[in-house]
Amino acid sequence: MSWLSSKILGNKIDASDAVERRSVPEGLWFKCASCEAVLYKTDLEKNQNVCPSCSHHMRIGARARLDQFLDPVGAAASHREEIGAEVTPIDPLKFTDSRKYPVRIKEAQKATSETDALVVMSGAVMCVPLVVACFEFEFMGGSMGSVVGERFVRGVEFAIKNKLPFVCFTATGGARMQEGLLSLMQMAKTNAALTRLAKKKLPYISVLTDPTMGGVSAGFAFLGDIVIAEPKALIGFAGPRVIESTVRVKLPEGFQRAEFLMQKGAVDMIVDRRQLRQTIANSLAMLQRLPAEAVQSV
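Computed from a predicted model, the values in this text were never measured in an experiment.

Q: Explain the packing of aromatic side chains here, please?
A: Each aromatic ring pair is summarised here by two numbers: the centre-to-centre distance and the angle between the ring planes. Per the stated rule, a full pass over the model turns up 7 aromatic pairs. A ring pair is formed by Phe69 and Phe169, whose centres lie 5.0 Å apart and whose planes are at 75°; its orientation type is edge-to-face. Taken together, the residues Phe69 in helix H4 (residues 62-69) and Phe169 in strand S6 (residues 166-172) connect sequence positions 100 residues apart. Ring plane angle 65° and centroid distance 5.5 Å describe the contact between Phe255 and Phe260, whose orientation is recorded as edge-to-face. Taken together, the ring pairs connect Phe135, Phe152, Phe166, Tyr204 and Phe220 into an aromatic cluster. In this arrangement the basic side chain of Arg59 is found over the ring face of Phe137, its NZ or CZ atom lying 4.8 Å from the centre.

Q: Explain the nonpolar core to me, please; I cannot follow it from the model alone.
A: In globular proteins that are soluble, nonpolar side chains generally tend to be buried together. In terms of nonpolar packing, the biggest core is built from 38 residues, with Phe135, Phe152, Phe166, Cys168, Leu197, Tyr204 and Phe220 touching the most fellow members. Element by element, the count of residues in this core is highest for helix H6 (residues 146-162), at 5 residues. Residues contacting Phe135, with those up to four places away along its chain left out, are Ala62, Ala117, Leu118, Gly142, Val148, Cys168, Phe169, Thr170, Ala171, Thr172, Val216 and Phe220. Ranked by size, the runner-up nonpolar core spans 25 residues in total, among them Phe69, Val119, Ile226 and Ile280.

Q: Even after reading the chapter, I still don't get the pattern of salt bridges, so can you show me in this structure?
A: Where charged atoms of side chains with opposite charge meet at close range, the side chains can pair. All chains considered together, the criterion is met by 17 salt bridges. Residues Arg104 and Asp97 are paired through a salt bridge, measuring 2.4 Å at the closest nitrogen-oxygen approach. Glu157 is paired through a salt bridge with Arg196; the nearest N and O atoms lie 3.8 Å apart. With Glu157 in helix H6 and Arg196 in helix H7 (residues 180-199), this pair connects stretches of sequence that are 39 residues apart. Linked through salt bridges whose partners overlap, the residues forming this network are Glu86, Glu150, Arg154 and Lys189.

Q: It is not clear to me how H4 should be interpreted in this structure. Could you clarify?
A: Given 3.6 residues to a turn, an α-helix orients residues that are three or four positions apart in the same direction. Ala62, Arg65, Leu66 and Phe69 are the residues of H4 that are buried. One face of H4 carries all of its buried residues, which in axial projection span an arc of 100°. Of the surrounding secondary structure, the elements contacted by the buried residues of H4 are strand S4 (118-125), strand S5 (128-135), S6, strand S7 (204-212) and helix H11 (276-287).

Rules behind the numbers
- Note that residues are indexed from 1 along each chain, following the sequence as it is written.
- Thresholds applied to this predicted model are a pLDDT of at least 70 for local features of residues and 80 or more for the giving and counting of side-chain atom pairs; totals over whole chains, interfaces and linings are not thresholded and use all residues.
- Only hydrogens and water are set aside; all other atoms, that is, all heavy atoms of the structure, feed into the side-chain values.
- Only rings of Phe, Tyr and Trp enter the pairing, Trp through its six-membered ring, and a pair is recorded when the two centres are within 6.5 Å. The plane angle decides the type: under 30 degrees is stacked, over 60 is edge-to-face, the rest tilted.
- In this text, helices come from DSSP runs of H or I with a minimum length of four residues, and strands from runs of E with a minimum of two, each type numbered from the N-terminal end.
- Lysine and arginine charges are scored as sitting over a ring when NZ or CZ, respectively, is within 6 Å of the ring centre and within 35 degrees of the ring normal.
- What we call a nonpolar core is a set of buried Ala, Val, Leu, Ile, Met, Phe, Trp, Tyr and Cys residues that are connected through their side-chain atoms within 4.5 Å.
- The buried label applies to any residue whose accessible area, calculated with a 1.4 Å probe on protein chains only, is under 20% of its type's maximum; exposed applies above 50%, and partly exposed to all values in between.
- Should any heavy atoms of two residues lie within 4.5 Å, those residues are counted as being in contact.
- What counts as a salt bridge is simple: a side-chain nitrogen of Lys or Arg found within 4 Å of a carboxyl oxygen of Asp or Glu.
- The directions from the helix axis to the C-beta atoms are what the arc is built from.

So this is what it looks like as structure tokens:
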């Protein structure tokens, strides 16, 4: 307490009040970036990180998305198996910018508790078995390096071996700069794997979430038998500011948002996150010509 406050106010200020206020746990409340509504964390998670006031779709981690999307363990056909977790990143180019690449990897691993930017898992959605891959955007911007490409391909190969459909949720800034050409090669590698999946007549559904940019959008993101986007997701190759500075033309309102791409025929449908389980389960059943009773609420 300062000399002035002690002389004038005496003991009217209780320092313990400030300590008490600081002891309130942080992270219990979130403000919606769209409508600025203050939301309780637990309620937001129950609503799949979608604002109940304006339906703004907030970004969500890979594990959280998989837990919400896949049937719970113990339900019919709900056995989960992670694929490719043993594949971990290395530094083949000895790349260094402001920090060494291994340092960046360790920082991302510590921040996300993931070993790289893609999680691949087998499971079921509404009792329809499948393999699903999901990007973790918080891991170096969801960038695609050698590990992401390898895990994606292993997921596709698992689907082929077990005659399962494949679903991918993208959330990425594109190819990983620190791996150079090795990263760009993953575009051809993943596309070749999807060609093998198509030859086996197994469905592939691509779900584009905010953001889906760069080499991933130029590769497997748009190769789905059905391409779904979440509302207002940013989807494109180069960012809007880069395009404007290059072509020196003012871009249309909402350019590269899911709704704009829907108008131009680049995506097949826009689906609210809370409806994705039902929509994808029904789509997979239709593509595989499964009976109506194959899709069951869990």
